[in-house]
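# Residue-level structure breakdown
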Amino acid sequence: MTAPHPFEIFMREAIALARRGRWRAAPNPTVGAVLVRDGQVVAHGYHTACGMPHAEVECLRDAAANGVNPAACTLVVTLEPCNHHGKTPPCSRAVLDAGIRHVVVGMADPNPVARGGAEFLRQHGVHVEMGVCEQDCRDLVADFVTWKKTDLPYVILKLASTLDGRIATRTGHSQWISCPASRRRVHAIRAGAGHAGGAVLVGGGTLFADNPLLTARCGDFSDAFPVAPQGGCPNVDDAAAPRRQPLAVAVTSRMDEVAARAGDLVLLQQRAADAIFWTTEAAAASPAADTVRATGARVWGLPSLSGTESTGGTGLDLRVGLARLRSEAGCLYVLCEGGGQLGLALLEAGLVHEFELHLAPKVLGDNAARPLFDGRAPLRMDDALGLRVAATATSDEDLVITLRPKA
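The rules behind the values
Residues numbered from 1 in each chain as written. Predicted model: local features only at pLDDT ≥ 70, side-chain atom pairs only at ≥ 80, totals over all residues. Heavy atoms only, no water. UniProt positions renumbered as here; feature names shortened; annotations may be inferred. Buried < 20%, exposed > 50% of the residue type's maximum accessible area, 1.4 Å probe, protein only. Helix = DSSP H or I, 4+ residues; strand = E, 2+ residues; numbered from the N terminus. Phe/Tyr/Trp six-rings, centres within 6.5 Å; stacked < 30°, edge-to-face > 60°. Lys NZ or Arg CZ within 6 Å of the ring centre and 35° of its normal. Pairing = 2+ DSSP bridges. Expected span 1.5 Å × (residues − 1). Arc of directions from axis to C-beta. Contact = heavy atoms within 4.5 Å. Axes fitted to C-alpha atoms, helices over the stretch in contact; angles between N-to-C directions. Salt bridge = Lys/Arg side-chain N within 4 Å of Asp/Glu carboxyl O. pLDDT = per-residue confidence, 0-100.

If you look the protein up in an unreviewed UniProt entry, it shows as Riboflavin biosynthesis protein RibD from Nitratidesulfovibrio oxamicus. Comment text from UniProt for the protein, heading Function (unreviewed entry), reads "Converts 2,5-diamino-6-(ribosylamino)-4(3h)-pyrimidinone 5'-phosphate into 5-amino-6-(ribosylamino)-2,4(1h,3h)-pyrimidinedione 5'-phosphate."

Right under this line is the structure:
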């Protein structure tokens, strides 16, 4: 068994710091840094928001404020120091000018414009070590990589189930599977996505059964995801709303029903301007769609998938809708809260970048209760959709499992 790197414990502290900048840092990567001397962290910093100083500079400022000499320290940083002039000067030069002679890096910068900091430092005599806790550091900037390499928003799938994999009883009753702390967590994620200009996505079944508003009833997301599963606002009902609510997107072919219930759906009554409906191209051209548009909502017709690819009960090319959310609405994040058919469609299409499963310590024991996923018919285990477990945490009585696509 390979011994852990001597600076691994400090890299994990830098990772935890970086997570505090999620949502505010977008569309930049979340980055954390610490200065280590004599086996102790003596300064720390993280990228607090887009346009603000990078983690290395924040760390050096913290060192100066506390009388720490950086030249006597090792810098541990989750992402390779940038090597270009953007909104801020290059961090590689700041590190060199601070006299630091040893730098430990989690991963190389995936941005071709900014990379090269490690080589710059080596050329000037700095000892640079790469790849400490690399997978965790890659997970940290998976959203940034998605934005740089694709035309899609970063998609987070969130579902809650019982221990036997059920999301509702046979009658459709699902309130509540998860505990109050987990529900606060979800609202904190919504708040973060809204702050970053994102959207919440649900299927038609959820729309008609729950009549949701899809807002974040929580203003505090700084420690909500994925640092502390118990994070978020102390009281979902009473907390102040975030400064920017996420868009609300519903996937349904039943535009006639949406139009007929326009007076009852709170989404159309209270925030139609933030609502977008994905439906078939034919339904988008119907009088019912025009009725929905008259409320101020948008209706987008998506092309249909062909052959066996039309799964999840939608039959729509969800990738087209996601790309349009990014290009037209500026969405960087999409939080899909189900149901299970929509979640399965996204998973099968390879459109889920992060899957957060809230597992409640409850058992229904009813084969007719609604399953977490349904609609596939694989004959071999080799045909199962594979994911990797990236993290686990507790949320009061629930278990939160964070899964990601396999490499």
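Once the structure has been displayed, the description carries forward.
### Overview of helix α2 (residues 55–65)
Because each turn of an α-helix spans 3.6 residues, side chains separated by three or four positions in sequence point in the same direction. Along α2, the positions that sit buried rather than exposed are Ala 55, Glu 56, Glu 58, Cys 59, Leu 60, Asp 62 and Ala 63. Just past α2, the residue Gly 67 takes up positive phi, approximately 70 degrees.

### Concerning the packing of aromatic side chains
Taken as a whole and judged by the stated rule, the model has five aromatic pairs. Ring geometry for Tyr 154 against Tyr 333: centres 6.0 Å apart, planes inclined by 85 degrees, an arrangement best described as edge-to-face. Taken as a pair, Tyr 154 in strand β6 (residues 154–161) and Tyr 333 in strand β12 (residues 333–336) lie far apart in primary sequence, 179 residues in all. The exposure class of Tyr 154 is buried, given its relative accessible area of 1%. Of the aromatic side chains, those joined through ring pairs into one cluster are Trp 23, Trp 147, Tyr 154 and Tyr 333. A cation sits over an aromatic face here: Arg 22 above Trp 23, 4.9 Å from the ring centre.

### What about the pairing of strand β8 (residues 199–203)?
Consecutive side chains of a regular strand alternate in pointing toward one face of the sheet and then the other. Taking burial as the measure, the five residues of β8 include five buried ones, the bulk of the element. Burial of β8 is two-sided: the residues Ala 199, Leu 201 and Gly 203 facing one way and the residues Val 200 and Val 202 facing the other way are all buried. Relative to strand β9 (residues 247–251), β8 runs parallel, the two being bridged by five bridges. If you follow Leu 201 over to β9, its bridge partner there is Val 249. Where β8 and β12 come together, three bridges link them in parallel fashion.

### Some remarks on helix α1 (residues 8–19)
Counted at 1.5 Å a residue, the expected span for α1 with its twelve residues is 16 Å, and the 17 Å between its end C-alpha atoms agrees. The complete set of buried residues in α1 reads Phe 10, Met 11, Ala 14, Ile 15, Leu 17 and Ala 18. When α1 is viewed along its axis, its buried side chains cluster within an angular range of 160 degrees and face the same direction. Where the residues of α1 are buried, they touch β1 (32–37), β2 (40–46), β3 (74–79), β4 (102–107) and α5 (134–140).

### Considering the sheet that holds β4
Here five strands make up an open sheet; going across it, the order is β2-β1-β3-β4-β5 and the pairing mixed. Of all strands in the sheet, those with a lone pairing partner are β2 and β5 (127–130), marking the two edges. Mean inter-strand twist for the sheet, computed between neighbouring axes without regard to direction, equals 20 degrees. Sheet topology places β1 next to β2; six bridges connect them, and they run antiparallel. Bridging across to β2, Val 36 finds its partner in Val 41. Set on the sheet, α1 makes contact with β1, β2, β3 and β4; between it and β1 the angle comes to about 145 degrees. Relative to β2, α2 is tilted by about 130 degrees, and along the sheet it contacts β1, β2 and β3.

### Structural notes on the pattern of salt bridges
For the structure shown, the criterion picks out 21 salt bridges. Between Arg 12 and Glu 8 there is a salt bridge, with its nearest N and O atoms 3.3 Å apart. Of the two residues, Arg 12 and Glu 8 both sit in helix α1, four residues apart, roughly one turn of that helix. Exposure remark for Arg 12: the relative accessible area of 39% places this residue in the partly exposed category. Here the salt bridges share partners, and the residues they tie into one network are Arg 22, Asp 139, Asp 143, Glu 354, Arg 388 and Arg 404.

### What to know about the UniProt feature "domain: CMP/dCMP-type deaminase" (unreviewed entry) in the protein
In the UniProt entry, the feature "domain: CMP/dCMP-type deaminase" (unreviewed entry) is given for residues 5–129. Taken end to end, residues 5–129 is 30% helix and 22% strand, and its two terminal C-alpha atoms sit 10 Å from one another.

### Topic: the environment of Phe 208
Relative to the assigned elements, Phe 208 resides in helix α8 (residues 204–210). Taking relative accessible area as the criterion, Phe 208 reaches 9% and is therefore assigned buried. Each C-alpha atom, one on Phe 208 and one on Val 258, is 8.4 Å from the other, the two residues being 50 residues apart in sequence. Residues within four places of Phe 208 in sequence aside, it is in contact with Thr 252, Arg 254, Glu 257, Val 258 and Arg 261.

### Let's talk about the sheet that holds strand β15 (residues 387–395)
Strand pairing in a sheet relies on backbone hydrogen bonds. The paired strands run either parallel or antiparallel. Across the sheet, nine strands lie side by side as β11-β10-β9-β8-β12-β6-β13-β16-β15; this open sheet has mixed pairing. Bordering the open sheet on either side are β11 (298–302) and β15, each of which pairs with just one other strand. Averaged over all pairs of adjacent strands, the angle between their axes in this sheet comes to 20 degrees, without regard to strand direction. Along the sheet, helix α7 (residues 180–195) contacts β6, β8, β12, β13 (354–359), β15 and β16 (398–405); its crossing angle with β13, the most-contacted strand, is approximately 160 degrees. Across the sheet, helix α14 (residues 340–348) lies against β6, β8, β9, β12 and β15, angled at about 110 degrees from β8, the strand it touches most.

### Some thoughts on the confidence of the model for the protein
Model confidence for the protein is summarised by a mean pLDDT of 90, while 91% of its residues fall at 70 or above. Long-range and interchain partners of residues 222–241, a stretch whose pLDDT sits below 50, account for 56 contacts in this model, where long-range means more than four residues apart.

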